Amino acid sequence: MAKKLIVGNWKMYNNTQKASLLLHSLSEKVETHRDIEVVLCPNTLALQSLSLQVNRRQFKLGAQNCYWRDEGAFTGEVSATMLRGIADYVIVGHSERRHVFREAERDIRQKVQAVIRNGMQAILCVGETARERSDGETAEVVRDQLVSGLANITSEEVASVSIAYEPVWAIGTGSVPTPADIRAVEKVLRKEISVLYGKKAAEEIRILYGGSVNAENTTELLSVKGVDGLLVGGASLKADEFAAIIEQAFAVTKKDANK
Ligand code: PEP
């Protein structure tokens, strides 16, 4: 069984000093469990200094974004090549990138490819808006985003990808889809992976849920069949709550192992 993946997306919060204090606090509060991989994604500036502070047996580090060209005249961007050796994971196509910064599918697929080319793991985010949901387009939207995001990825490379299902309407709102809704999307995603890369890849790929995850709903969300982890935004900025999320993830893993 693959390790459960719990990812904390710190978004554009915490300067370098505050990020260091949060890591210090997390390192005291978060227990290390063999079956759980915990990834912290601070802003790019803090990533460098945290990479010198972090105990990589306790936490992995992730970037929230990258540019897909290795280097060049791209003012303001940081490439996957530059993140290599600092980050283990890179979040690609987060809904805030897609909707606030109008990131195009073409860029997202190039970024997934750049992350893998540079030896890191990509977390590809997919998810429908509230309107797409009410129009009954959820399955179609996530399938299209998945197929497009993986367009440049080979069957060997897909092992370096995890998919995060993050409904746009659930991010930072306190609204969460039902377990049945999440399960339905998980099935759509695995079915499409199976078409593209075969049954084994579909079984092995890690599918995460993200959107208003907190210490109260972690157990229910992680108990959804086929959900292999969580992408946590706001709640990952509070050391006690994030530690509680990890403990609940551990309890779910233990329960699964005893089944
Ligand atoms: C996120 O940033 O990916 C996210 C899911 O945020 P939140 O948990 O705050 O909804």
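Below or above, wherever it landed, is the structure these notes cover. Since this is a predicted model, take the numbers as computed values, not measurements. (Residues numbered from 1 in each chain as written. Predicted model: local features only at pLDDT ≥ 70, side-chain atom pairs only at ≥ 80, totals over all residues. Heavy atoms only, no water.)

1. A look at the site of the ligand
Part 1 of the reasoning: Around the ligand, the structure places 15 residues, and the nearest of them are K11, H94, E166, G172 and S212.
Part 2 of the reasoning: Here an oxygen atom of the ligand sits 3.0 Å away from a polar atom, N or O, in the side chain of N9.
Part 3 of the reasoning: At 2.7 Å, a side-chain N or O of H94 approaches an oxygen atom of the ligand.
Part 4 of the reasoning: Protein contacts shield 95% of the accessible area of the ligand, which totals 290 Å² for the unbound molecule.
Part 5 of the reasoning: In terms of residue class, the shell around the ligand is built from five nonpolar, eight polar and two charged. (Near = heavy atom within 4 Å. Polar contact = N/O pair within 3.5 Å; in protein donor to acceptor, adjacent residues only side chain to side chain. Areas by Shrake-Rupley, 256 points an atom, 1.4 Å probe, with all protein chains shown as cover. Nonpolar A, V, L, I, M, F, W, Y, C, P; charged D, E, K, R; others polar.)

2. Here we look at the layout of surface pockets
Part 1 of the reasoning: Taken as a whole, the largest pocket spans an internal volume of roughly 550 Å³.
Part 2 of the reasoning: Looking at the lining of the largest pocket residue by residue, the class counts come to six nonpolar, seven polar and four charged.
Part 3 of the reasoning: Surrounding the second largest pocket, 21 residues form its lining, K4, G226, V227, D228 and D256 being those nearest its centre.
Part 4 of the reasoning: The element that contributes the greatest number of residues to the lining of the second largest pocket is helix α11 (residues 239–257), accounting for three residues.
Part 5 of the reasoning: Its residues assigned to classes, the lining of the second largest pocket shows seven nonpolar, two polar and twelve charged. (1 Å grid on protein atoms, 1.4 Å probe; cavity = no way out; pocket = protein on both sides within 12 Å on 5 of 7 lines; lining within 4 Å. Points joined across faces, edges and corners; volume = space filled by probe spheres on them. Helix = DSSP H or I, 4+ residues; strand = E, 2+ residues; numbered from the N terminus.)

3. Brief notes about the packing of helix α1 (residues 16–29) against helix α2 (residues 44–53)
Part 1 of the reasoning: In contact at an axis separation of 9 Å, α1 and α2 are set at 40° when each is read in the N-to-C sense. Of the possible angle classes, the one that applies to α1 and α2 is oblique. Along this stretch, α1 crosses α2, giving a crossing that reads as right-handed. Contacts between α1 and α2 involve T16, A19, S20, L23 and H24 from the former and L45, A46, S49, L50 and Q53 from the latter.
Part 2 of the reasoning: Broken down by class, the residue content of the contact of α1 with α2 amounts to five nonpolar, five polar and no charged. (Axes fitted to C-alpha atoms, helices over the stretch in contact; angles between N-to-C directions. Parallel < 35°, antiparallel > 145°, perpendicular 65-115°, else oblique. Left-handed = near helix turned anticlockwise from the far one by under 90°. Contact = heavy atoms within 4.5 Å.)

4. Overview of α2
Part 1 of the reasoning: Buried residues of α2: A46, L47, L50 and S51, and no others. Each buried residue of α2 lies within a common arc of 140° when the element is viewed along its axis, so the set occupies one face. The exposed set on the far side of α2, more than 90 degrees from its buried face, consists of L45 and L52.
Part 2 of the reasoning: Buried residues in α2 make contact with α1, β3 (60–63) and α3 (80–83).
Part 3 of the reasoning: Between the side-chain oxygen at the start of α2 and the backbone nitrogen of L45 there is a gap of 3.0 Å, and the oxygen is on N43. (Buried < 20%, exposed > 50% of the residue type's maximum accessible area, 1.4 Å probe, protein only. Arc of directions from axis to C-beta.)

5. Observations regarding the pattern of salt bridges
Part 1 of the reasoning: Taken as a whole and judged by the stated rule, the model has 19 salt bridges.
Part 2 of the reasoning: The shortest N-O distance in the salt bridge between K199 and E203 comes to 3.6 Å. Taken together, the residues K199 and E203, both in helix α9 (residues 199–204) and four residues apart, mark about one turn of the helix.
Part 3 of the reasoning: A residue is classified by how much of its surface remains accessible, and E203, at 55% relative accessible area, is exposed.
Part 4 of the reasoning: Residues joined by salt bridges that share partners form a network here, namely R183, E186, R190 and D228. (Salt bridge = Lys/Arg side-chain N within 4 Å of Asp/Glu carboxyl O.)

6. Regarding the sheet that holds β3
Part 1 of the reasoning: As summarised here, the arrangement of the eight strands in space is β1-β2-β3-β4-β5-β6-β7-β8, forming a closed barrel in which the pairing is parallel. Direction aside, neighbouring strands of the sheet carry axes that sit 25° apart on average.
Part 2 of the reasoning: Judged from the four bridges that link them, strand β6 (residues 161–165) and strand β7 (residues 206–210) form a sheet pairing that is parallel. Residue pairing in the sheet places I163 in a bridge with I207 of β7.
Part 3 of the reasoning: This element, helix α8 (residues 179–197), spans β5 (121–126), β6 and β7 of the sheet and lies at about 145° to β7. (Pairing = 2+ DSSP bridges.)

7. Side note on helix α7 (residues 138–149)
Part 1 of the reasoning: Under the 1.5 Å per step criterion, the end-to-end length of α7 is 16 Å for twelve residues, consistent within 8% with the ideal 16 Å.
Part 2 of the reasoning: T138, V141, V142, Q145, L146, S148 and G149 are the residues of α7 that are buried.
Part 3 of the reasoning: Check the buried side of α7 and you find it contacts α4 (95–99), α5 (105–117), β5, α6 (130–134), β6 and α8. (Expected span 1.5 Å × (residues − 1).)

8. A short note on the pairing of strand β8 (residues 229–232)
Part 1 of the reasoning: Taking every second residue as pointing to the same face, both faces of β8 are buried, with G229 and L231 on one and L230 and V232 on the other.
Part 2 of the reasoning: Examined bridge by bridge, strand β1 (residues 4–9) and β8 share four bridges and lie parallel to one another. Considered in β8, the bridge of L5 is made with G229.

None of this, on its own, says anything about what the molecule does.
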